[in-house]
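# Understanding the architecture of this molecule
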Amino acid sequence: MIVGVLALQGAVREHVISLNRLGIESRVVKREKGLEGLSGLILPGGESTAISLLADDSFLHHLKDLARTGFPMFGTCAGMILLASGIEGRDAGYIGVIDITVSRNASGRQVDSFETILDIEGIGQDVPAVFIRAPYITSHGASVRPMASHDGQWVMARQENILVASFHPELTEDTRVHEYFVGMAKEIGK
Amino acid sequence: MEKKGTYRVKSGLAEMLKGGVIMDVTTAEQAKIAETAGAVAVMALERVPADIRAQGGVARMADPTKVQEIMAAVTIPVMAKVRIGHFVEAQVLQSLGVDYIDESEVLTPADPDYHVNKWGFTIPFICGARNLGEACRRLAEGAAMIRTKGEPGTGNVIEAVRHMRLMNEQIREVIAAPQEELMTMAKDLGAPYEMLLAIREHGRLPVVNFAAGGIATPADAALMMQLGCDGIFVGSGIFKAEDPATRARAIVEATTHFEDAAKIASVSEGLGEAMSGIAIETIPEHEMMQNRGQ
């Protein structure tokens with residue numbers, strides 16, 4: 001299987017390294033045509049405003065259509081913002097394929113960025129997590145399964161084929177979160 | 001339990017900026033133009049390097065009011081510059097809550113010998129470097145991101161190219177060298193031995209390295225990306241150009257699609273005049289910003 005990493009801007013290399021550690025082949029994707037033959041797509045951290053401007057409308061629509069066919073996607077930080085159906089202070093989401101509302105930079109500015117460990121339902125305990133000017137999930141629909149919280153806020157969730165996290169598992173050497181996504185993609189691909 | 005200000009948290013923000021463009025801005029209005037054009041961060045400063053060069057005088061940290069106005073105007077990270085060695089300006093910027101501090105040769109140095117001890121701060125630092133020795137010294141002082149210096153405010157990319165090529169060459173040598181040559185290499189570069197070990201372990205500089213100093217066109221940005229930098233700083237190149245908003249957007253597009261010549265061609269059409277630019281040979285030695293803070 002090949003897992004794609006959206007490479008318009010952001011921490012692309014780190015996701016490629018994490019997938020590599022699991023022995024999973026990866027491909028960086030900048031255009032629609034790069035999506036062919038993939039088993040899943042990771043939307044990395046970066047600046048969500050910049051990434052959304054770099055992805056033109058037809059690319060965003062294509063990603064939305066793809067997600068609706070059940071194609072597995074995993075968004076971290078800015079990637080989560082792109083996948084969320086609602087963004088506080090904004091009229092609409094970007095790709096908008098997971099029924100959550102997120103608050104951008106909810107953890108504050110860089111001076112408040114932090115690392116911690118999380119217990120993640122379905123993944124395990126003491127998973128290291130790096131939060132950088134992180135968004136939080138402020139509300140979610142009934143079909144969304146929250147998987148982890150920090151300080152009373154949801155920071156990871158899944159709705160069928162869409163997985164999102166506020167934090168950066170790719171900045172750590174722990175591969176359990178990526179392993180979970182790869183497992184999810186394999187399951188869906190069957 | 002939360003741990004703030006760890007090196008992973010500091011260098012992590014730089015990782016998120018990769019593949020992006022960071023733009024110098026002097027007002028909240030310019031910051032909004034930069035954000036709308038797709039900048040991944042803005043650098044708040046009093047005067048852009050071209051004006052500092054033209055007007056002379058002592059260039060210092062920006063007025064806190066201005067920095068706060070810029071912070072309030074955008075949701076992307078805000079960086080700001082301090083003079084080399086001016087740790088109190090850095091303390092002030094940290095108290096304002098800026099996201100990154102640039103200890104920069106663009107401003108007039110405050111200390112003739114020493115840089116800021118950056119380990120003592122929660123806020124991450126970026127520093128300029130012309131070669132691997134400078135980069136390694138700044139990292140050992142606690143910098144979490146590097147940029148090649150180039151020659152700021154010139155609109156002339158040659159120095160940025162020179163520094164990026166030299167750094168790449170030196171990194172290749174460090175990686176390829178037999179173990180027994182490494183200590184002498186550290187001595188010759190003026191680089192801490194441990195930093196060279198880190199470079200060998202990572203197969204590259206262990207932090208993000210942007211290009212800066214003289215980038216004025218989309219093709220300049222793509223050139224630096226093809227030479228292997230992680231992202232682009234544009235100082236005077238945007239707001240000293242005829243049509244800043246369009247040029248800013250074009251440089252962002254060229255940075256993302258840096259290997260796509262047709263795309264670079266299409267975004268380069270009809271941009272209006274770039275900043276006029278200065279030949280490096282015409283700059284007196286004592287006015288070369290890159291020689292500050294080695």
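Before reading further, recall that the structure is shown in the block above.
Since we're looking at a predicted model, the values are computed, not measured.

## Quick notes on the sheet that holds strand β6 (residues 125–129) of chain B
Residue and element names in this part refer to chain B.
- Ordered by their spatial adjacency, eight strands build a closed barrel running β2-β3-β4-β5-β6-β7-β8-β9, and the pairing between neighbours is parallel. Adjacent strand axes in the sheet meet at a mean angle of 30 degrees, parallel and antiparallel pairs treated alike.
- Pairing of strand β5 (residues 100–104) with β6, which is carried by three bridges, proceeds in the parallel orientation. Residue aspartate 102 lies in a different strand from β6, and its bridge partner there is isoleucine 126.
- Contacts from helix α1 (residues 7–17) reach β2 (21–25), β3 (41–44), β4 (78–83), β5, β7 (145–148) and β8 (208–211), with the element oriented near 90 degrees to β5.

## Details of the environment of proline 146 of chain A
All names here are of chain A.
- Structurally, proline 146 is set in strand β10 (residues 145–150).
- Using a relative accessible area of 18% as the deciding quantity, one classes proline 146 as buried.
- Each C-alpha atom of the pair proline 146 and isoleucine 100 lies 10.0 Å from the other, and the pair is 46 residues apart in sequence.
- Residues contacting proline 146, with those up to four places away along its chain left out, are Glu121, His140, Trp154, Met156 and Ala157.

## Considering the pattern of salt bridges
- For the structure shown, the criterion picks out 28 salt bridges over all chains.
- Residue glutamate 14 of chain A is joined to arginine 13 of chain A by a salt bridge in which the shortest nitrogen-to-oxygen separation is 3.9 Å.
- Here glutamate 187 of chain A and lysine 190 of chain A are joined by a salt bridge, their closest N and O atoms 3.8 Å apart.
- Among the charged side chains, a network of salt bridges with common partners joins Arg13 and Glu14 of chain A together with Glu15, Lys18 and Asp230 of chain B.

## Notes on the interface of chain A and chain B
- Every contact between the two is made by 33 residues of chain A and, on the other side, 43 residues of chain B.
- Carbon and sulfur atoms supply 50% of the area buried between chain A and chain B, which totals about 3,200 Å² over both sides.
- On the chain A side of the contact with chain B, Arg109, Gln110 and Glu115 of chain A bury the most area, a combined 21% of that side's loss.
- The tally of links between chain A and chain B comes to eight salt bridges.
- The salt bridge involving aspartate 112 of chain A is made with lysine 4 of chain B; its shortest N-O contact spans 3.5 Å.
- On inspection of chain A and its partner chain B, the count reaches 22 residue pairs in polar contact (both at pLDDT 80 or more).
- The dominant element in the side of chain A that touches chain B, judged by the number of residues it contributes, is helix α2 (residues 48–54) of chain A, at four residues.
- Residues belonging to the side of chain A that touches chain B are distributed by class as follows: ten nonpolar, twelve polar and eleven charged.
- Relative to strand β1 (residues 3–4) of chain B, strand β7 (residues 114–120) of chain A runs antiparallel, the two being bridged by two bridges. The partner of glutamate 115 of chain A across the bridge, within β1 of chain B, is lysine 3 of chain B.

## Remarks on the packing of helix α10 (residues 218–226) of chain B against helix α12 (residues 244–256) of chain B
Residues and elements named next belong to chain B.
- Packing of α10 against α12 brings their axes to within 8 Å, and their N-to-C directions diverge by 25 degrees. It follows that α10 is roughly parallel to α12 by the angle criterion. Viewed along their axes, α10 and α12 form a crossing whose handedness is right-handed. Side by side, α10 and α12 meet where Pro218, Ala221, Ala222 and Met225 of the first sit next to Arg247, Ala250, Ile251, Ala254 and Thr255 of the second.
- Taken together, the residues of the contact of α10 with α12 sort by class into seven nonpolar, one polar and one charged.

Conventions adopted
- Residues numbered from 1 in each chain as written.
- Chains lettered and ligands numbered in written order.
- Predicted model: local features only at pLDDT ≥ 70, side-chain atom pairs only at ≥ 80, totals over all residues.
- Heavy atoms only, no water.
- Pairing = 2+ DSSP bridges.
- Helix = DSSP H or I, 4+ residues; strand = E, 2+ residues; numbered from the N terminus.
- Axes fitted to C-alpha atoms, helices over the stretch in contact; angles between N-to-C directions.
- Contact = heavy atoms within 4.5 Å.
- Buried < 20%, exposed > 50% of the residue type's maximum accessible area, 1.4 Å probe, protein only.
- Salt bridge = Lys/Arg side-chain N within 4 Å of Asp/Glu carboxyl O.
- Buried area = accessible area lost by both parts, 1.4 Å probe.
- Polar contact = N/O pair within 3.5 Å; in protein donor to acceptor, adjacent residues only side chain to side chain.
- Nonpolar A, V, L, I, M, F, W, Y, C, P; charged D, E, K, R; others polar.
- Parallel < 35°, antiparallel > 145°, perpendicular 65-115°, else oblique.
- Left-handed = near helix turned anticlockwise from the far one by under 90°.

Interpretation in functional terms is not warranted from these geometric data alone.
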